[in-house]
Amino acid sequence: MHSEATPILHETLGAIREILGSELDGLAVERAVVGLFFTGVELSNGIAGACATPIKTIPEAVCCPSSAMAMPFPGKLRGRPAFDLAREALGDNGIRRAVGIAAMNALADTCWRCRHHPETELRLGIDAFDATEIRPGDTVVVVGAFVPFLRELKRRRQPFLVLEQDPATLKPEELPFFRPAEQATTVVPEADVLLITGTTLINDSLEELLSLAKPTARVTMVGPTVSLLPDAFLRRGADILGTVRITDPEAFLDMLAEGGSGYHFLGRTAQKVVLVRRSLVGAVAA
């Protein structure tokens, strides 16, 4: 049932269990929403987490029994133990994994509030792109067509390459920068700055991408799918984690239920947050 290809998720769940201990026993799911763009889970402690919805993993014939198995627990999530749902992050099914990661991220935020990570600095209301140092002449590689990053790179006239599984997600003027995801083994090692979307956690590509990065690369991960518990990411070379903290869980989930995306909830029901490796902060300041 559970995937062995996601060590970061395994380790993050282990860290949650270690940090929260017996407190986990009292945490349950209050509400879950699988939205068109994002999935969200609110816990009984009033803290919520999110994950990108891997909509392309749902079979096209959505009324058939095989499609129904993509989401087999509607009506059964409220009251479910939070850590039990978070363990769905280890499953092979995309939608179940998204719900599990959203629950895991709510627990990760719970962990952060009771134990700040000593190796990272938390910055509120900051964009991960702005926290990333890009120097003249840097080779920049973006993994996943993350529109805000592509827009800003183009605005700055910064050359870049984008690794993407589906070129249809790119605009015509972005296609010259496109490289198929299969070219990761040759493209990623050349990056001075590596910008990775959190959806790589869902499709099991993150571990390999981080292992391909050269030791001097500055690595930023971004998206609501990214956790506020940075331990496993830091161990694999990530320097900056850009995610969201949900400030109004009920309104946030209502928005997801109505097809809301980041453009709708950022600055309203959720705020951008960035975790920056402290050694990187010192190096930049120097």
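Look a little higher up for the structure.
To start, this report covers the structure provided alongside it.

Let's talk about the overall build of the protein
So, step 1. Broken down by element type, the protein carries 12 helices and 11 strands.
So, step 2. Taking 286 residues into account, the globule formula puts the C-alpha radius of gyration at 19 Å, and the protein, at 18 Å, falls close to it.
So, step 3. Seen through its principal axes, the protein has C-alpha atoms that stretch 55 × 45 × 35 Å.
So, step 4. For the protein, the proportion of its 286 residues judged to be buried stands at 53%.
So, step 5. For the protein, restricting intrachain contacts to residue pairs at least 6 apart in sequence, the fraction spanning at least 24 positions comes to 65%.
So, step 6. With the model as given, the accessible surface of the protein reaches about 12,900 Å², and the carbon-plus-sulfur share is 54%.

Things to note about the nonpolar core
So, step 1. By size, the foremost hydrophobic cluster in this structure holds 71 residues, and its most contacted members are Ile16, Leu107, Leu194 and Ile196.
So, step 2. Formed by 21 residues, the second largest nonpolar core is a distinct cluster that contains Ala128, Phe129, Ile134 and Leu195.

Here we look at the pairing of strand 10 (residues 240–246)
So, step 1. With seven of seven residues buried, strand 10 lies mostly within the body of the structure.
So, step 2. Taking every second residue as pointing to the same face, both faces of strand 10 are buried, with Ile240, Gly242, Val244 and Ile246 on one and Leu241, Thr243 and Arg245 on the other.
So, step 3. With three bridges connecting them, strand 9 (residues 218–222) and strand 10 associate as parallel partners. For methionine 221, the partnering residue across the bridge sits in strand 10 and is leucine 241.
So, step 4. Note that strand 10 and strand 11 (residues 270–277) share seven bridges and pair antiparallel. Residue pairing in the sheet places arginine 245 in a bridge with glutamine 271 of strand 11.

A word on the packing of aromatic side chains
So, step 1. Applying the stated rule across the entire model yields five aromatic pairs.
So, step 2. On the numbers, 4.9 Å between centres and 65 degrees between planes, the contact of phenylalanine 252 with phenylalanine 265 is edge-to-face. With phenylalanine 252 in helix 10 (residues 249–257) and phenylalanine 265 in helix 11 (residues 262–265), this residue pair connects regions lying 13 residues apart in the sequence. Each member of the pair, phenylalanine 252 as well as phenylalanine 265, is classed as buried.
So, step 3. Taken together, the ring pairs in this structure connect Phe38, Phe252 and Phe265 into an aromatic cluster.

A short note on helix 6 (residues 147–155)
So, step 1. Three or more residues of helix 6 are buried, namely Phe149, Leu150, Glu152 and Leu153. All buried residues of helix 6 fall inside an arc of 165 degrees around its axis, so they share one side.
So, step 2. Tucked inside the fold, the buried residues of helix 6 contact helix 5 (128–131), strand 5 (140–143), strand 6 (160–164), strand 8 (193–197) and strand 9.
So, step 3. In the segment just after helix 6, arginine 157 is the residue with positive phi, at about 55 degrees.

Topic: the sheet that holds strand 4 (residues 120–124)
So, step 1. Read from one edge of the open sheet, eight strands run 4-11-10-9-8-5-6-7, paired in mixed fashion. What marks the edges here is a single partner per strand, and that holds for strand 4 and strand 7 (178–180). Pairwise comparison of adjacent strand axes, ignoring direction, gives a mean angle of 25 degrees for this sheet.
So, step 2. In this sheet, strand 9 lies alongside strand 8 in parallel orientation, the contact comprising five bridges. The residue bridging leucine 195 from the neighbouring strand is threonine 220, located in strand 9.
So, step 3. Contacts between helix 4 (residues 94–114) and the sheet are confined to strand 4, strand 10 and strand 11, with strand 10 contributing the most and set at about 100 degrees to the helix.
So, step 4. Against the sheet, helix 6 touches strand 5, strand 6, strand 8 and strand 9, its axis set at about 160 degrees to strand 6.

What to know about unusual backbone geometry
So, step 1. Even without glycine at this site, arginine 157 takes up a positive phi of about 55 degrees.
So, step 2. With relative accessibility at 77%, the residue arginine 157 sits in the exposed group.
So, step 3. The residue aspartate 204 is not glycine, and still its phi comes out positive at about 65 degrees.
So, step 4. Structurally, the position occupied by aspartate 204 is in the loop between strand 8 and helix 8 (206–212).
So, step 5. Judged by its relative accessible area of 33%, aspartate 204 is partly exposed.

Remarks on the pattern of salt bridges
So, step 1. Tallying each qualifying case throughout the model produces 22 salt bridges.
So, step 2. With its nearest N and O atoms 2.7 Å apart, the salt bridge here joins glutamate 121 to arginine 123.
So, step 3. Residue classification places glutamate 121 among the partly exposed positions, given a relative accessible area of 23%.
So, step 4. For arginine 218, the salt bridge identified is with aspartate 138, shortest N-O distance 2.3 Å. Of this pair, arginine 218 sits in strand 9 while aspartate 138 sits in the loop between helix 5 and strand 5; the two residues are 80 residues apart in sequence, bridging distant segments of the chain.
So, step 5. Residue classification places aspartate 138 among the buried residues on the basis of a relative accessible area of 11%.
So, step 6. Within the structure, one salt-bridge network assembled from shared partners comprises Glu11, Glu207, Arg235 and Arg236.

Calculation notes
Residues numbered from 1 in each chain as written. Predicted model: local features only at pLDDT ≥ 70, side-chain atom pairs only at ≥ 80, totals over all residues. Heavy atoms only, no water. Helix = DSSP H or I, 4+ residues; strand = E, 2+ residues; numbered from the N terminus. Rg over C-alpha atoms; globule rule 2.2 N^0.38 Å. Buried < 20%, exposed > 50% of the residue type's maximum accessible area, 1.4 Å probe, protein only. Contact = heavy atoms within 4.5 Å. Areas by Shrake-Rupley, 256 points an atom, 1.4 Å probe, with all protein chains shown as cover. Core = buried A, V, L, I, M, F, W, Y, C linked by side-chain atoms within 4.5 Å. Pairing = 2+ DSSP bridges. Phe/Tyr/Trp six-rings, centres within 6.5 Å; stacked < 30°, edge-to-face > 60°. Arc of directions from axis to C-beta. Axes fitted to C-alpha atoms, helices over the stretch in contact; angles between N-to-C directions. Salt bridge = Lys/Arg side-chain N within 4 Å of Asp/Glu carboxyl O.

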